[in-house]
Each structure stands twice: as C-alpha cells, then as structure tokens.
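Per-entry structural report
This is what each chain is made of:
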Amino acid sequence: MKNETKVERKSDRELVVTRTFDAPARIVFDAWTKPELLKRWWAPKTFGIEMLACEVDARTGGKYRMVFTFTGKDMKPMEFFGKYIEVTPCSRLVWTNEEGVDGAVTTTTFEEKDGKTLVTVSDLYPSKEALDAQIASGATGGACETHQQLDELLVTLK
Amino acid sequence: MVQYSKARLDASFAAISDTTRRGVLEQLVRGDASITALADKFHMTLTGMKKHVGVLEDAGLVTTEKVGRVRTCKLGPRRLDEETAWLERYRAMWAARFDTLDDVVEELKRKENIR
C-alpha cells in the first residue's frame, strides 16, 4: 500500500504537495540531492519521457539543470533549470525555477517523526496570475500521456 | 478563476483517485451502462461496484436511474473544471514520482542495514 500524495492550492499563488516516506530524513534527503539517485525517480517510466541530463549541485548557491525528451516523439527536449537558494542538510531545500518567466520558488521540507519523513513541496508563484497561467497552460512538468488522456476524458464529461 | 469549495474539490479528487472509478468514467463516456454490466466489466461484486458508483454520484460525476429492476448509470451533470482537472493531473504526476522514490528509499535503507 503506497502512502498518499496530497495536493492543495493553499493560496492564490501557492501549491503544496505532501507525502510521507517510511525512512529517516537523511535517506530521503539523499535521494533528493544526489543526481545519480534523483534521476532514478524524478521522471518515472510511466511519464513517457526520458531524462537526458541531470546536473545537480545541491549546495546553497549551486545550480541544477534537467533535460527531458519525449520517448519516441519528434519534439524538442524540455529543459528545466535554476539555482538552490537554501540547502539545509536533511531538512530544507529552496530552489528557483528559471526556465520560464514568472517561475515559482520551490521550498521542500523534510520532517522526521518516528523514523518516517513528511515531505512538503511548496511552489510559490510571484502572483496569482502566474499560477493561473501555469494551470491554464495544462503543463504539469510531468507530461504523462495517461494523464493527458484522463484530462481529455474529464473535459468531455458533460 | 471560479472558486470551488474545498469539500467539493476533495470529493472530486477522491472520486477520480481510484483506477476502477476512472475506468467507469471512461466506460460511461462510450455509453450508459447498468451497474450489473459495470460490475461484470471490472470483475467486481455488485456491492463493490455500487460503492464506486456511489462515490462518483456524490461527486456529481455520475447519475443513476432505476427503471424496473435495472439501475442505469450515465455521466453526471458536472464535468470537472479546468483547475480541478489540472490539480488532479499534477497530483498524479507527483504520486507517480513518489511511488518510484519509495523504491529508491527502500534500496538505500537496505544498503544502510548491510553496512
């Protein structure tokens, strides 16, 4: 049984994702900050995308760059990049998303309790308009075909 | 952007967070179906399917109508608005990621125990 992933639009310009992992914070934090571990889960196979590059320097002021391509599709690779504003080992990561205008600042916290870790990912957009635009674009950063199909299905529901 | 109550969003998420219920919605896009037919299609008991349909009904995604002894299901009066659909896709994206992260974390835990 998988732990539940929850999403909430906490305010006009903030999106929050939470999930608990059955492991101490230092292990979960490692998986978020070591590129060889990060690339194993950030773009799972079900997304239908392939990770071409995963450069991560998880230190305060360090940069990251991830490049993806759609498997079997003639599309330009997508690139995501930014820098780490704050890195507190085993507890807190703050990074910018600079691939587009009005990108969010992402704050991820790791809270350990009884050997389990609650991970909270918060995307804070510069304005309500910026988050509304992200939603209107339809892009989630995951680009999973199954989800696109689900979305199409949901839109056809009358 | 239209504001939706949290309870309503929760009901929508709960309704479509389940594989069978998404399957039922897909099925109903193709045409109305009786609960018996849906139960058959998804290899479930009648009681199990009634519960799923009940959740979809509460969320306004499905309506049912009883004619004689047959209860027929059809798509409900409400389609998910754009924001709800996006949030669900966003949630599903993170859930897929995190389910894979579980495997990485388990492996790291095992390695730590061996050391």
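Note that the structure is predicted; figures quoted are calculated from it, not measured.

Here is what the cut-offs are and how they apply
- Every chain is numbered on its own, with residues counted from 1 as its sequence reads.
- As they are written, the chains are lettered A onward and the ligands numbered 1 onward, keeping that order.
- Whole-chain, interface and lining totals are the exception, using all residues; otherwise, since this is a predicted model, local features are given only for residues with pLDDT of at least 70 and side-chain atom pairs are given and counted only at 80 or more.
- Only runs of H or I of at least four residues qualify as helices and only runs of E of at least two qualify as strands under DSSP, and these elements are numbered from the N terminus.
- Counting other C-beta atoms within 10 Å of a residue's C-beta gives its exposure: the residue is buried at 20 or more, exposed at 12 or fewer, and partly exposed in between, where C-beta atoms are placed from the backbone.
- For the purpose of contact definition, each residue receives a C-beta atom placed from its backbone, and two residues are in contact when these atoms lie within 7 Å.
- In this analysis, strands are considered paired if DSSP registers two or more bridges between them.
- Lines fitted to the C-alpha atoms define the axes, with helices restricted to the stretch that makes contact. Angles between their N-to-C directions range from 0 to 180 degrees.
- Scored from 0 to 100, pLDDT records how confident the predictor is in each individual residue.

Some points on the overall build of chain B
- In terms of helices and strands, chain B carries 5 helices and 3 strands.
- Moving toward the C terminus, one meets the helices and strands of chain B in the order α-α-β-α-α-β-β-α.
- The buried share of chain B, taken over its 115 residues, is 33%.
- Restricting the contact set of chain B to residue pairs at least 6 apart, pairs at least 24 apart contribute 51%.

A word on the sheet that holds strand β2 (residues 62-67) of chain B
Residue and element names in this part refer to chain B.
- The strand order β1-β3-β2 describes an open sheet built from 3 strands, whose pairing is antiparallel. Each having just a single partner strand, β1 (33-34) and β2 make up the two edges of the open sheet.
- Contacts from helix α2 (residues 19-30) reach β1, β2 and β3 (70-75), with the element oriented near 90 degrees to β3.
- Across the sheet, helix α4 (residues 46-58) touches β2 and β3, and the angle it forms with β2 is around 120 degrees.

Remarks on the confidence of the model for chain A
Residue and element names in this part refer to chain A.
- Averaged over every residue, the pLDDT of chain A is 85; the share at 70 or more is 86%.
- The low-confidence segment residues 143-151 (pLDDT under 50) makes 17 contacts with residues lying over four places distant or belonging to another chain.
- Counting contacts from residues 153-158, a segment whose pLDDT is below 50, to residues more than four positions away or on other chains yields 16 contacts.

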